[in-house]
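Examination of the molecular architecture
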Amino acid sequence: MNQIPFPGKMFYDLGDSFLTGCSMGAVWYFLKGAYIGAPRSRIKSGITLLRQKATTLGGSFATWSLFYSASYCACSFLRKRQDCYNGIIAGFSTGFILSMRSGLKSAIRSGIAGGFFLSAVEGIAMIAQQYQRKIQIVEENKIIQMYKRQYEKQGIRFYTNLNLNDKYINENKEKHKI
């Protein structure tokens, strides 16, 4: 996997989430301002609300992302593993940390909600990954069978662990003849 190292990943995620939050906030608050605004000045009221609130939503997204990335990096460092449990633990700790000002009971509730949310996301990602892997295996088997039929028509013995490049087969044609 080509991933950014952990300290840099936090700031990369921070920028991505701020941009995402601002973009989503711009669309949402423009539409909300246009809906609420007076009939003759809907666009103006949409732009006004967008300018007031979109960056706030971007900042909230960035804050959540920073705590999540920091928790994920710390969890990966402490556990010395890269698996789905890091994301779940990071979701719990992010929800917990961001709700600590409301009290311990609220923080625990938010932490559990964050953990459940991230476990659902990780579960869906794992299911999608397994589905993609099955599709890839089926496609590879189709290609292997096609090559096998093609080379057996030419009288070339076909080994499945053989490199299937035409160049390789032609260079080693004498070795693989029946």
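This text goes with the structure placed above it.
Residues numbered from 1 in each chain as written. Predicted model: local features only at pLDDT ≥ 70, side-chain atom pairs only at ≥ 80, totals over all residues. Heavy atoms only, no water.

1. Overview of unusual backbone geometry
Most peptide bonds are trans, and most residues other than glycine sit at a negative phi. One non-glycine residue with positive phi stands out, namely Lys80, at about 60°. Its place among the elements puts Lys80 in the loop between helix H2 (42-79) and helix H3 (84-98). A relative accessible area of 65% places Lys80 in the exposed class. (Helix = DSSP H or I, 4+ residues; strand = E, 2+ residues; numbered from the N terminus. Buried < 20%, exposed > 50% of the residue type's maximum accessible area, 1.4 Å probe, protein only.)

2. Re the pattern of salt bridges
Throughout the structure, instances matching the rule amount to 3 salt bridges. Between Lys9 and Asp13 there is a salt bridge, and its shortest N-O distance comes to 3.0 Å. Highlighted residues: Lys9 and Asp13, both in helix H1 (residues 6-36), separated by 4 residues, approximately one helical turn. Asp13 sits in the buried class, given a relative accessible area of 18%. A salt bridge links Lys142 to Glu139; its shortest N-O distance comes to 3.9 Å. (Salt bridge = Lys/Arg side-chain N within 4 Å of Asp/Glu carboxyl O.)

3. With respect to the packing of aromatic side chains
We describe a pair of aromatic rings using the distance from one ring centre to the other and the angle between the two ring planes. This model, assessed by the stated rule, comprises 4 aromatic pairs. A ring pair is formed by Trp64 and Tyr68, whose centres lie 5.3 Å apart and whose planes are at 10°; its orientation type is stacked. With Trp64 and Tyr68 both in helix H2 and 4 residues apart, this pair spans about one turn of that helix. For the pair Phe92 and Phe96, a centre-to-centre distance of 6.2 Å together with 20° between the ring planes defines the contact as stacked. Taken together, the positions of Phe92 and Phe96, both in helix H3 and 4 residues apart, correspond to about one turn of that helix. Overall, Phe96 belongs to the partly exposed group, its relative accessible area being 22%. Counting every residue linked through ring pairs, the aromatic cluster contains Trp64, Tyr68 and Tyr72. One Lys or Arg, Lys80, reaches over the ring of Phe77 and ends 4.6 Å from the middle of that ring. (Phe/Tyr/Trp six-rings, centres within 6.5 Å; stacked < 30°, edge-to-face > 60°. Lys NZ or Arg CZ within 6 Å of the ring centre and 35° of its normal.)

4. Brief notes about the side chain of Ser17
Turning to its location among the elements, Ser17 is positioned in helix H1. Residue classification places Ser17 among the buried residues on the basis of a relative accessible area of 11%. If we ignore the near neighbours within four places in the chain, the residues touching Ser17 are Gly58, Phe61, Ala62 and Ser65. (Contact = heavy atoms within 4.5 Å.)

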